[in-house]
Amino acid sequence: EAGVAQSPRYKIIEKRQSVAFWCNPISGHATLYWYQQILGQGPKLLIQFQNNGVVDDSQLPKDRFSAERLKGVDSTLKIQPAKLEDSAVYLCASSSGIYLSSTDTQYFGPGTRLTVL
Amino acid sequence: GQQVMQIPQYQHVQEGEDFTTYCNSSTTLSNIQWYKQRPGGHPVFLIQLVKSGEVKKQKRLTFQFGEAKKNSSLHITATQTTDVGTYFCAQRYKDGNNRKLIWGLGTSLAVNP
């Protein structure tokens, strides 16, 4: 089966500019996650969608970050305006969403490496 | 709130030595997942543990879930250079009607040939 797709793979912007990332999860996966991974650190969950509803966005800096999954399939994550500390890899993952099922594992996309100058 | 501790943060071993990383929670877990991230790569799922006291093996990797479902360990026997990477535990718990996920900070493993 096709994996999680993300674009772009790399992005360089200047601070205060805007940027958007796109993710297409594995077909049929109900749950979609956006993570921020700063170099040398673990993934930090930004937002979790179950279909097109938000399950957890407690760590999303809502003054500058927004995300949507309008049709319950693909998703976009936006940063506006970007700050230097937003430089990181943004990972998208999806899972089947069947709780405690052996298939309720997360499959990650290759990530988008963002550099803010 | 929900917290997860993962130790050690870093580990250097000689090839052939064993390696263990531990994941501890302040509360009882519904399940725990382990992931491996190679340098420059993205996290890749290794295994999920659900039952109290569960032990699962994948070749040289042994995963355990504590009896109280508050801790877990990953043990690698006779490490190889291909084991290099960061190992993360991820804990899933119920928050009302929602199922949320929290990640440990990871243990970075370096293997000297």
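A quick note: this is a predicted structure, and the numbers were derived from the prediction, not measured. Numbering of residues begins from 1 in every chain and follows the order in which that chain's sequence is written. Each chain is given a letter, starting from A, and each ligand a number, starting from 1, according to the order in which they appear as written. The predicted nature of this model means local features are confined to residues of pLDDT at least 70 and side-chain atom pairs, given and counted, to a pLDDT of 80 or more, with totals for whole chains, interfaces and linings taken over all residues. Processing note: side-chain calculations cover all non-hydrogen atoms of the structure and skip hydrogens and water entirely.

1. Overview of the layout of surface pockets
- Size it by volume and the largest pocket reaches roughly 660 Å³.
- Using protein atoms alone on a 1 Å grid, points that fit a 1.4 Å probe yet trap it form a cavity, whereas open point sets bounded by protein on both sides within 12 Å along at least five of seven lines form a pocket; residues with an atom within 4 Å of a point count as lining. Taken together, 31 residues form the lining of the largest pocket, with Q37, I38, L39 and G40 of chain A together with Q37 of chain B sitting closest to its centre.
- Helix and strand labels come from DSSP, where a helix needs a run of H or I of at least four residues and a strand needs a run of E of at least two; each type is numbered from the N terminus. Breaking the lining of the largest pocket down by element, the ones donating at least two residues are β9 (88-95) and β11 (112-116) of chain A together with β9 (85-95) of chain B.
- Its residues assigned to classes, the lining of the largest pocket shows 13 nonpolar, 15 polar and 3 charged. Grid points are joined across faces, edges and corners, and a volume is the space filled by probe spheres set on the points. Under the scheme applied here, ten amino acids are nonpolar (Ala, Val, Leu, Ile, Met, Phe, Trp, Tyr, Cys and Pro), four are charged (Asp, Glu, Lys and Arg), and all others, including Gly, are polar.

2. Concerning the side chain of T107 of chain B
Residue and element names in this part refer to chain B.
- Here T107 is to be found in strand β11 (residues 107-112).
- Among the polar contacts made by the side chain of T107, one reaches the main-chain carbonyl oxygen of P8 at a distance of 2.5 Å.
- A contact between two residues is defined here by any heavy atoms of the two lying within 4.5 Å. Residue contacts for T107: discarding those within four places in its chain leaves Q6, I7, P8, Q9, F19, T21, G85, T86 and Y87. Polar contacts, as used here, are pairs of N or O atoms within 3.5 Å; protein pairs need one atom able to donate a hydrogen and one able to accept it. Residues neighboring in sequence count only if both atoms are side-chain atoms.

3. Let's talk about the state of the cysteines
Residues and elements named next belong to chain A.
- When two cysteine sulfur atoms lie within 2.5 Å, the pair is treated as a disulfide. Per the counting criterion, the structure on display carries 2 disulfides over all chains.
- One disulfide bridge connects C23 with C92, the sulfur atoms lying 1.9 Å from each other. Between C23 and C92 the disulfide shows an S-S torsion of about -70°. By sign, it is left-handed. You can see C23 sitting in strand β3 (residues 19-24) and its partner C92 sitting in strand β9, a full 69 residues away along the chain. Each of the two residues, C23 as well as C92, counts as buried. Accessibility here uses a 1.4 Å probe with only protein chains present; expressed as a share of the type maximum, an area under 20% marks a residue as buried, one over 50% as exposed, and anything in between as partly exposed.

4. Looking at the sheet that holds strand β1 (residues 4-7) of chain B
All names here are of chain B.
- The criterion for strand pairing is that DSSP finds at least two bridges linking the strands in question. Overall, antiparallel pairing links the 5 strands, which are arranged β1-β3-β8-β7-β6 in an open sheet. Of all strands in the sheet, those with a lone pairing partner are β1 and β6 (55-58), marking the two edges. Adjacent strand axes in the sheet meet at a mean angle of 15° when their direction is disregarded.
- The pairing of β1 with strand β3 (residues 19-25) spans 4 bridges and is classified as antiparallel. Following the sheet pairing, V4 is matched in β3 by S25. To get an axis, a line is fitted to the C-alpha atoms, and for a helix only the part in contact is used. The angle between two axes follows their N-to-C directions and goes from 0 to 180 degrees.

So far we have only geometry, and geometry alone does not tell us how the molecule works.
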